[in-house]
Amino acid sequence: MRRIYLDHAATTAVSAEVLKTMKPYFRKHFGNPSEPHQWGRESKVAIEQAREKAAVFLGAKTSEILFTSGATEAINLAHKGLVEVSYKEDSDKIPHIITSSIEHKAVIETCKHLERLKLAKITYLPVDKNGLVKTNDIKKVVKPETLLVSVMYVNNEMGAIQPIKEISKLIKKINLARFNSHLPPIYFHTDATQAIQYLDCRVAELGVDLLSLSGHKFYAPKGVGLLYFKKGISLIRQQDGGEQENHLRAGTENIPYIVGLGKALELITEDRQQTLRKINNLKEKLISGVLKIPEVKLVGGTEKKAPHIVSFLVKGVEGEAMMLLLSEKGIAASSGSACTSGLLEPSHVLLAMGYRPEEAHGSLRFSLGKDNTKEEIDDVIEALPRIIEKLRKMAPKL
Ligand SMILES: Cc1ncc(COP(=O)(O)O)c(C=O)c1O
């Protein structure tokens, strides 16, 4: 049976070129980079070369790049690390974080953790029907204790691109006024995990102070990512032990994976325009084909959307059931985010966009990758109506 993978927002396969670059670091150059001998030095050089590639990709300095096990860890470190730095035992004012109601769980659960421990107060910004944060809403909720604004760049469930540049401009303006009133600056973090492959992620253009990403969303392995944090920002490390990563992340570095991450970032730059054109065409084809099915709608329109993610709501059918029947036909899709699959709770993202729980249950996400073809999209467009029809016939009549 032909296998069609349309779940690239969940993860991607390691590309052949990335794998080739990683291979020597499993057996040939396996030294511990903390050791000063030749073996250790080879590994150290490899890490620093990957850091250089990441810095070039983000338009950052190498000292501003910290390798982690993925976006989740980078996000935890950014939020908890900043809160801990500003923690004062004798103060009754705890830091305030502004985030959006449609963030990935890595951000939402980190914020909830800080809230539970009474280490921070959190404001969750609403989104409009297209899943977009309104920049002006931030102005309304900023307080003297606001320490951090954390808004994702691209939403993983329906692809909305948030107005990151606009938000950073607003924060800069607010920070200017705060400086004159002797208040500390507000930092701006973005979870760029779903944006890296296709959008401009140069930190100076975006105006962000911190940025998180995960390698396995762009053809590097799972288990490696990074945090960009602007020069001058202090963080308290969240993993104690040795002095690795400039004392900010203890534990022997995962050299092959870090090398793979650097290579994958380099490849994005080489391939981006060509891949973008291809993916945009495939997405348009998929949307027009799927929308021909009765009572199916697109989540949040087509404006300000990442090229690789498209999400539909199918009336009267469970997303999980569609996903399973598609899988039987050799097609990988997702219902909401992969992290919430398995729990039959409606997606917090769709609820925040104003969809009713019964509508949200019918969510189906396709996410495209660089190797998908026109023929694969044709197959999906052919298979999906029959699956939906079958499930609708099976659904209990109320
Ligand atoms: C937007 C977003 N942020 C964070 C993450 C977490 O990435 P990881 O599980 O690799 O740490 C994901 C993964 O699905 C994501 O899509």
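What counts, and where the lines are drawn
All residue numbers refer to position in the chain's written sequence, counted from 1. Side-chain atom pairs in this predicted model are given and counted only at pLDDT of 80 or more, local residue features only at pLDDT of at least 70, and totals for whole chains, interfaces and linings cover all residues. Excluded from the side-chain calculation are hydrogens and water; included are all heavy atoms of the structure. Numbering goes from the N terminus for both helices and strands, where a helix is a DSSP run of H or I of at least four residues and a strand is a run of E of at least two. All radius of gyration figures rest on C-alpha atoms, and the globule criterion is 2.2 Å times the number of residues raised to 0.38. Summary of the burial criterion: residues with accessible area below 20% of their type's maximum are buried, those above 50% are exposed, and those between are partly exposed, where the area comes from a 1.4 Å probe applied to protein chains only. Here a residue-residue contact requires only that any non-hydrogen atoms of the pair lie within 4.5 Å. Here the accessible surface of atoms and residues is derived via Shrake-Rupley with a 1.4 Å probe, and residues count as covered only by protein chains that are part of the display. None of His or the chain ends enter the tally, which takes Lys and Arg as positive and Asp and Glu as negative. Lysine's charge is taken at NZ, arginine's at CZ, aspartate's at CG and glutamate's at CD. If a single non-hydrogen atom of a residue is within 4 Å of a molecule or strand, that residue counts as near it. Pairs of N or O atoms within 3.5 Å make up the polar contacts considered here, provided that, within protein, one atom can donate a hydrogen while the other can accept it, and that residues adjacent in sequence are counted only when both atoms are side-chain atoms. Axis lines are fitted through C-alpha atoms, for helices just across the contact stretch, and the angle between N-to-C directions can take any value from 0 to 180 degrees. Here roughly perpendicular refers to angles of 65 to 115 degrees, roughly parallel to angles under 35, roughly antiparallel to angles over 145, and oblique to all remaining angles. Handedness of a helix crossing follows the sense of rotation of the near helix relative to the far helix, less than a right angle counterclockwise being left-handed and clockwise being right-handed. Polar here means any residue other than Ala, Val, Leu, Ile, Met, Phe, Trp, Tyr, Cys and Pro, which are nonpolar, and Asp, Glu, Lys and Arg, which are charged; Gly is therefore polar. Centres within 6.5 Å make a pair out of two Phe, Tyr or Trp rings, where for Trp the six-membered ring is used; the pair is then stacked when the planes are under 30 degrees apart, edge-to-face when over 60, and tilted otherwise. Grouping buried Ala, Val, Leu, Ile, Met, Phe, Trp, Tyr and Cys residues that are joined through side-chain atoms within 4.5 Å yields what is termed a nonpolar core. These domain boundaries are the output of an automatic or database domain assignment. Defined here as a combined quantity, buried area equals the accessible surface (1.4 Å probe) lost by two parts on assembly, summed across both. We define a salt bridge as a side-chain nitrogen of Lys or Arg found within 4 Å of a carboxyl oxygen belonging to Asp or Glu.

What follows covers the overall build of the protein chain. For the protein chain, the count of helices and strands is 14 helices and 12 strands. Compactness check: the protein chain gives a C-alpha radius of gyration of 22 Å against a globular reference of 21 Å for 398 residues, within 12% of the reference. Evaluated residue by residue, the protein chain yields a buried proportion of 55% over its 398 residues. Looking at the protein chain alone, contacts between residues at least 24 apart form 73% of all its contacts between residues at least 6 apart. Carbon and sulfur atoms form 54% of the exposed surface of the protein chain, whose accessible area is close to 18,800 Å². With 57 positive and 47 negative side-chain charges, the protein chain shows a spacing of 3 Å between the two charge centroids.

Attention shifts here to the site of the ligand. Taken together, the neighbourhood of the ligand is formed by Gly70, Ala71, Thr72, His104, Met152, Asn156, Asp191, Thr193, Gln194, Ser214, His216 and Lys217. A distance of 3.3 Å is found between an oxygen atom of the ligand and a backbone nitrogen or oxygen belonging to Ala71. A distance of 2.6 Å is found between an oxygen atom of the ligand and a side-chain nitrogen or oxygen belonging to Lys217. Protein chains shield 87% of the accessible area of the ligand, which is 390 Å² for the free molecule.

The next subject is the packing of helix H3 (residues 38–58) against helix H10 (residues 255–290). Viewed as axis vectors pointing N to C, H3 and H10 meet at an angle of 30°, and their least axial separation amounts to 8 Å. What the angle tells us is that H3 and H10 run roughly parallel. Here the hand of the crossing between H3 and H10 comes out left-handed. Touching Ser43, Ala46, Ile47, Ala50, Lys53, Ala54 and Phe57 of H3 are Ile255, Ile258, Val259, Gly262, Lys263, Leu265, Glu266, Ile268, Thr269 and Arg272, all from H10. Residue composition of the contact of H3 with H10, by class: 10 nonpolar, three polar and four charged.

The next thing to look at is the packing of aromatic side chains. Counted under the stated rule, the structure contains one aromatic pair. With a centroid separation of 6.3 Å and 70° between ring planes, the pair formed by Phe312 and Phe366 is classed as edge-to-face. Taken together, the positions of Phe312 in strand E10 (residues 309–314) and Phe366 in strand E12 (residues 363–367) put the pair 54 residues apart, joining distant regions of the chain. Under the relative-accessibility criterion, Phe312 is labelled buried at 0%.

What follows covers the packing of helix H4 (residues 71–86) against helix H5 (residues 105–116). Relative to each other, H4 and H5 sit at 30°, their axes nearing to 9 Å. Between H4 and H5, the angle is such that the two are roughly parallel. In the crossing of H4 with H5, the sense of the turn from one axis to the other is right-handed. Contacts between H4 and H5 involve Thr72, Ile75, Asn76, His79, Lys80 and Val83 on the former and, on the latter, Ala106, Val107, Thr110, Cys111, His113 and Leu114. In terms of residue class, the contact of H4 with H5 is made up of six nonpolar, five polar and one charged.

This next bit is on the nonpolar core. Nonpolar side chains tend to gather and get buried jointly when the protein is soluble and globular. Core analysis: the biggest nonpolar cluster contains 68 residues, and Leu58 and Tyr153 have the highest contact counts within it. Per element, the largest residue contribution to this core is eight residues, and it comes from H10. There are two domains that each give this core at least three residues, and those are domain 1 (4–12 + 273–394) and domain 2 (16–266). Every residue in contact with Tyr153, bar those within four places of it in the chain, is listed here: Ala160, Ile161, Gln162, Ile164, Thr190, Asp191, Ala192, Ala195, Leu199, Asp200, Cys201 and Leu206. Counting residues in hydrophobic clusters, the runner-up holds 31 residues, among them Ile4, Leu282, Leu368 and Ile387.

With that settled, consider the domain arrangement of the protein chain. You can read the domains of the protein chain as domain 1 (4–12 + 273–394) and domain 2 (16–266). The C-alpha centroid of domain 2 is placed 28 Å from the C-alpha centroid of domain 1. Facing 33 residues of domain 1, the contacting portion of domain 2 comprises 27 residues. The junction of domain 1 with domain 2 conceals about 2,500 Å² of combined surface from both sides, 56% of it contributed by carbon and sulfur atoms.

What follows is about the pattern of salt bridges. One pass over the structure, following the stated rule, counts 21 salt bridges. Note that Lys285 is salt-bridged to Asp378, the shortest N-O span being 2.8 Å. Placement of Lys285 in helix H10 and of Asp378 in helix H14 (residues 374–394) is noted, with a sequence separation of 93 residues between them. Using a relative accessible area of 32% as the deciding quantity, one classes Asp378 as partly exposed. One salt bridge connects Glu382 with Arg386, and the closest N-O pair in it is separated by 3.2 Å. With Glu382 and Arg386 both in helix H14 and four residues apart, the pair spans about one turn of that helix. The class for Glu382 is partly exposed, based on a relative accessible area of 46%. Bridged by salt links that share partners, the residues Lys44, Glu48, Arg51 and Glu245 form one connected network.

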